[in-house]
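Geometric and topological summary
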Amino acid sequence: MSRRKSPVLAALFKLTRAGVRQSARIGRAATRQGVEAGGKLAEQAGRVLSAVATPTDAPGAVAGGRWYEGRWGLGPLALRRWRLFVPVGATARKPLPLLVLLHGCAQDSAAFAAVTRAAVVARAHGFAVLLPEQGQDANPQRCWNWFGSEARVGLETQTLIALIDHVVQTHPRVGGPLFALGLSAGGAMALTLALRHPERFCAVGSHSGAAPASARTPLQAGQAMRGRRSPDAEAIALRLAGRRLPPLLLIHGDRDPVVAFDNAEAAAALWLDLLPAGARVRETAGAIRRGRRRSVARRDWKCGRRLVVRQLRVEGLGHAWSGGAAGQAFSDPGGPDALRLAWQFFETAMEQAAAAPV
């Protein structure tokens, strides 16, 4: 009698084989490019092989805090690198809030730490930052697998949740309220985590991300990114089984040529559709404008005093992190600073959670 293979393990091996084949194709394409200068060839080949658009040195020493790094996973084929920044002053008795930052495609944790200025903002506002890193064995372009089969998406979310648990267990000073925020594929993945593990997060956010649970195939993912597919709220409601979603933040440029702004509309609509039956929602609108930075149109949806969804539409922003560091791919220094805006929203979510009746 033959043994039955674990569907998760089978999916993992399938992903690994696909990653190896795709990496080989990328390597052959890089060889055919025939770049003239040897130095330029080496630099370009390194970038192609690492699948990072702007390779960046590991974060250096920072006054007022410390970087940690490690590798962890569900098995030898699901190892993920991670970087963690912890400001000074945290204790196990009074742990800091933890923000999980998920990079986009063609980025790694070092590049995303530089783009978002994660350590500077975390130190200024008193929270810790965890940056998991997608491996090329799981996705050749380092995209988080926010779409695909149930086994594929399930493996991705379980790997991330297990990694978060591991880091919190080994660094108890960061065991406070948990948040997730990501860029592009990382944004879609942050919302996917919330849809599958809503009880774990105090609030979540997506910057320029596709609407979660809107695709299973690459063709469907492309359609979703162009705003031509929406999530199935009824199917997601069955999975949630009455569990309430955490508050949602959406940041998106109105000139994004990669992921249409319609995805921010679809994600907001999904969260509102999944509110408890009979919930009365009030919408308000406003604007944010500071100096020469890009203006932002803000829309808030509240149930009573509880802010459940905030949508920030950044004028003139393409597919890039708003207010990001100069010299990095997928980064727009024109501002405003997306991470500071996000933390303002997350602080509000913490205050609301603390004030809610037990």
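For the structure itself, look to the data block above.
A short tour of the structure in this document, coming up. Quick caveat: nothing in here was measured; it's all calculated off a predicted structure.

1. As for the overall build of the protein
Helix and strand counts for the protein stand at ten helices and twelve strands. By residue count, 51% of the 358 residues in the protein fall in the buried class. Of all intrachain contacts in the protein linking residues separated by at least 6 positions in sequence, the fraction that spans at least 24 positions is 68%. Accessible area for the protein stands at about 16,900 Å²; split by element, carbon and sulfur atoms hold 53% of it.

2. Some thoughts on unusual backbone geometry
Following G335, the chain continues to P336 via a peptide bond in cis, the omega torsion being 0 degrees. Position of P336 relative to the elements: it lies in the loop between β12 (331-332) and α10 (338-355). Even without being a glycine, S208 presents a positive backbone phi close to 60 degrees. Tracing the sequence through the fold places S208 in the loop between β6 (203-207) and α7 (218-225). By relative accessible area, which is 0% here, S208 ends up buried.

3. As for the state of the cysteines
Covalently bonding the sulfur atom of one cysteine to the sulfur atom of another cysteine gives a disulfide. Per the stated rule, a full pass over the model turns up one disulfide. C105 shares a disulfide with C143; S-S distance 2.0 Å. Measuring handedness by torsion sign, the sulfur bridge of C105 and C143 sits at about 130 degrees and is right-handed. With a gap of 38 residues between them, C105 in the loop between β3 (98-102) and α3 (109-116) and C143 in the loop between β4 (128-133) and α5 (150-170) connect regions that are remote in the sequence. Overall, C143 belongs to the buried group, its relative accessible area being 15%.

4. Structural notes on the pattern of salt bridges
The tally for this structure, following the rule as stated, stands at 13 salt bridges. Across the pair E69 and R83 runs a salt bridge whose closest N-O atoms are separated by 3.2 Å. Remark: R83 occurs in strand β2 (residues 79-87) and E69 occurs in strand β1 (residues 65-73); sequence separation between them is 14 residues. By relative accessible area, which is 6% here, R83 ends up buried.

5. Section: the packing of aromatic side chains
Taken as a whole, this structure holds eight aromatic pairs when the rule is applied. Pairing W67 with F85 gives two aromatic rings, centres 5.4 Å apart and planes at 55 degrees, and the pair type is tilted. Of this pair, W67 sits in strand β1 while F85 sits in strand β2, placing them 18 residues apart in sequence. Between F112 and W321, the aromatic rings sit 5.5 Å apart at their centres with planes inclined by 85 degrees, giving edge-to-face as the arrangement. Here F112 is found in helix α3, whereas its partner W321 is found in strand β11 (residues 321-322), with 209 residues between them in sequence. Note on W321: relative accessible area 1%, which makes it buried. An aromatic cluster of three or more residues is present, and its members are F127, F179, W343, F345 and F346. Over the face of the ring belonging to F147 we find R152, whose NZ or CZ atom lies 5.9 Å from the ring centre. If you follow R313 out to its NZ or CZ, it ends over the ring of F261, 4.1 Å from the centre.

6. A word on α7
Turning to α7, its buried residues number three or more, namely A221, G222 and A224. Down the axis of α7, the buried side of the element spans an arc of 160 degrees, and every buried residue falls inside it. Summarising the contacts, the buried residues of α7 are in contact with α9 (262-273).

7. Details of the packing of helix α6 (residues 185-196) against α9
Where α6 contacts α9, the axes come no closer than 13 Å and their chain directions differ by 10 degrees. In terms of their interaxial angle, α6 and α9 are classed as roughly parallel. Packed against α6, whose contacting residues are L191, A194 and L195, the element α9 presents A267, L270 and W271 at the interface. When the residues that make up the contact of α6 with α9 are grouped by side-chain class, the tally is six nonpolar, no polar and no charged.

8. Here we look at the packing of α5 against α6
The N-to-C vectors of α5 and α6 enclose an angle of 90 degrees; their axes lie 10 Å apart at closest approach. When the axes of α5 and α6 are compared, the pair comes out roughly perpendicular. Within the contact between the two elements, α5 uses E150, V153, G154, E156, T157, L160 and I161 and α6 uses M189, T192, L193 and R196. Its residues assigned to classes, the contact of α5 with α6 comprises five nonpolar, three polar and three charged.

The rules we used
Residues numbered from 1 in each chain as written. Predicted model: local features only at pLDDT ≥ 70, side-chain atom pairs only at ≥ 80, totals over all residues. Heavy atoms only, no water. Helix = DSSP H or I, 4+ residues; strand = E, 2+ residues; numbered from the N terminus. Buried < 20%, exposed > 50% of the residue type's maximum accessible area, 1.4 Å probe, protein only. Contact = heavy atoms within 4.5 Å. Areas by Shrake-Rupley, 256 points an atom, 1.4 Å probe, with all protein chains shown as cover. Disulfide = S-S within 2.5 Å. Salt bridge = Lys/Arg side-chain N within 4 Å of Asp/Glu carboxyl O. Phe/Tyr/Trp six-rings, centres within 6.5 Å; stacked < 30°, edge-to-face > 60°. Lys NZ or Arg CZ within 6 Å of the ring centre and 35° of its normal. Arc of directions from axis to C-beta. Axes fitted to C-alpha atoms, helices over the stretch in contact; angles between N-to-C directions. Parallel < 35°, antiparallel > 145°, perpendicular 65-115°, else oblique. Nonpolar A, V, L, I, M, F, W, Y, C, P; charged D, E, K, R; others polar.

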